[in-house]
Amino acid sequence: MVTRRGMLRGGLLTAVGAATALAGSGQVKHWFGWDRPPLGGGYAAAADDLGAVAHGGVQIHYFRATTEKLVALTFDDGPLPEYTPQFLDVLDEARAPATFFMVGRHLEEHAGLVRHRLGRHEVGNHSWSHDDLATLDLAGARRELERTHEAIKRHTGREATLLRPPYGHLGGSTVLAADSMGYDIALWSHQMRERRYAGDPTAQAQDLIDTMRPGSIVLAHDAGDKRRLVALNALPAMIAALQERGYRFVTVSELLRSPSEGRPAEARSASFSASLEPSSG
Ligand SMILES: [Zn+2]
């Protein structure tokens, strides 16, 4: 008879077996460990060294209700031979600017892929090793960001001002590291869904065309396995259709500088400081 406890144990043994099979890949800790917040339910690292606060706060952006029809395409994880050059070709063809959130060690090794090709594009920081920053302490998170910042400066001549944390995972230490370096954080409101639309770039393009709103930030990847070809092949039709509907493609920084329908930042901070005033009544 299979008892409930026996079934649980069987499940556990299966998980341990899978973990053992993966041992040595360097992924075990991050796939199954307590330190992967969304899977393990653990806490992300704290912002526990206030001596590192340099700019008094970090803005986290995922969307901006722009008055103009703007959209920011973003590409993570490159530069790599598959498929960064092809994405750059498509963007050149469409004369569309984008933002590339680069992995420092990829840039260090493959800077030649993007040399003289970033003219209209923005470059952001996507960490050095694509580790889960939410699991690192402040020193670890800073090392990841600083090394990448320097590589971006050395190879592209740009000073990055935006961080996109790998997996979109944020912990206190990540936000604090960003603050200490004067970065803001850029997440996303839309994303390419290469699994859902495997082999069907037309459906992928249509999904984004149908759901786009002014001020959207779209996540895609210019590196990875063959699935990324869905995104690559969806791109020309998506860009053309959105341009036809009056959308203009901009970098994330330009999107963030553009007039928006929301309350201006000054009004928000004014009301926030007002709420901190001790009550006189
Ligand atoms: Zn990534």
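The present account deals with the structure reproduced in this document. What you are looking at is a predicted structure, and each value in this text was computed from that prediction instead of being measured.

Structural notes on the pattern of salt bridges
In step 1: By the definition in use, this model includes 12 salt bridges.
In step 2: A salt bridge links Arg228 to Glu194; its shortest N-O distance comes to 3.2 Å. Of the two residues, Arg228 is situated in helix α9 (residues 228-244) and Glu194 in the loop between β7 (190-191) and α8 (201-211); the sequence distance between them amounts to 34 residues. Each member of the pair, Arg228 as well as Glu194, carries the same accessibility label: buried.
In step 3: Between Arg248 and Glu254 there is a salt bridge, and its shortest N-O distance comes to 3.4 Å.
In step 4: Three or more residues joined by partner-sharing salt bridges are found here, namely Asp89, Asp92, Arg117 and Arg120.

A closer look at the pairing of strand β4 (residues 122-125)
In step 1: Side chains of β4 alternate between two faces, with Glu122 and Gly124 and Val123 and Asn125 buried alike.
In step 2: Sheet topology note: the strand β3 (residues 99-102)/β4 ladder contains 4 bridges and is parallel. Within the sheet, the bridge partner assigned to Phe101 lies in β4 and is Gly124.
In step 3: One crossover worth recording links β3 to the parallel β4 by way of helix α5 (residues 104-110), and it is right-handed.

Thoughts on the packing of α8 against α9
In step 1: Direction vectors running N to C along α8 and α9 enclose 45°, while the axes themselves pass 8 Å from each other. Comparing the axis directions of α8 and α9 gives the class oblique. Where α8 crosses over α9, the two elements pack in a sense that is right-handed. Of the residues in α9, those in contact with Pro201, Gln204, Ala205, Leu208 and Ile209 of α8 are Val230, Asn233, Ala234, Ala237, Met238, Ala241 and Leu242.
In step 2: Of the residues contributing to the contact of α8 with α9, the split by class is 10 nonpolar, 2 polar and no charged.

With respect to the packing of aromatic side chains
In step 1: Scanning all chains against the criterion turns up 2 aromatic pairs.
In step 2: Seen in terms of ring centroids, Phe75 and Phe100 are 5.4 Å apart; in terms of plane orientation they differ by 25°. Their pairing is stacked. Of this pair, Phe75 sits in strand β2 (residues 70-76) while Phe100 sits in strand β3, and the two are 25 residues apart along the sequence.
In step 3: Taking the relative accessible area as the measure of exposure, Phe75 reaches 1% and is therefore buried.

With respect to the nonpolar core
In step 1: Leu73, Phe75, Leu91, Phe100, Leu235 and Met238 are the most contacted members of the largest nonpolar core, which totals 53 residues.
In step 2: Of all the secondary-structure elements, those providing two or more residues to this core are β2, α4 (84-94), β3, α6 (138-156), α7 (172-181), α8, β8 (216-221) and α9.
In step 3: Of the residues forming this core, the biggest block, 8 residues, is contributed by α9.
In step 4: Excluding residues within four positions of it along the chain, Leu235 makes contact with Leu73, Phe75, Phe87, Val90, Leu91 and Met192.
In step 5: Phe101, Ile217, Val250 and Leu256 belong to the second-largest nonpolar core, a separate cluster that totals 10 residues.

Some thoughts on the side chain of Thr99
In step 1: Tracing the chain through its elements places Thr99 in strand β3.
In step 2: Overall, Thr99 belongs to the buried group, its relative accessible area being 0%.

Section: empty space enclosed by the protein
In step 1: In the structure shown here, the tally under the stated rule is 1 cavity of 30 Å³ or more.
In step 2: The calculated volume of the largest cavity comes to roughly 30 Å³.
In step 3: Along its surface, the largest cavity is lined by Phe75, Gly78, Pro79, Thr84, Phe100, Phe101, Met102, Val114 and Asp222.
In step 4: Element by element, the count of residues in the lining of the largest cavity is highest for β3, at 3 residues.
In step 5: Its residues assigned to classes, the lining of the largest cavity comprises 6 nonpolar, 2 polar and 1 charged.

Cut-offs and rules
Residues numbered from 1 in each chain as written. Predicted model: local features only at pLDDT ≥ 70, side-chain atom pairs only at ≥ 80, totals over all residues. Heavy atoms only, no water. Salt bridge = Lys/Arg side-chain N within 4 Å of Asp/Glu carboxyl O. Helix = DSSP H or I, 4+ residues; strand = E, 2+ residues; numbered from the N terminus. Buried < 20%, exposed > 50% of the residue type's maximum accessible area, 1.4 Å probe, protein only. Pairing = 2+ DSSP bridges. Right-handed = clockwise from strand over helix to strand, strands pointing away. Axes fitted to C-alpha atoms, helices over the stretch in contact; angles between N-to-C directions. Parallel < 35°, antiparallel > 145°, perpendicular 65-115°, else oblique. Left-handed = near helix turned anticlockwise from the far one by under 90°. Contact = heavy atoms within 4.5 Å. Nonpolar A, V, L, I, M, F, W, Y, C, P; charged D, E, K, R; others polar. Phe/Tyr/Trp six-rings, centres within 6.5 Å; stacked < 30°, edge-to-face > 60°. Core = buried A, V, L, I, M, F, W, Y, C linked by side-chain atoms within 4.5 Å. 1 Å grid on protein atoms, 1.4 Å probe; cavity = no way out; pocket = protein on both sides within 12 Å on 5 of 7 lines; lining within 4 Å. Points joined across faces, edges and corners; volume = space filled by probe spheres on them.

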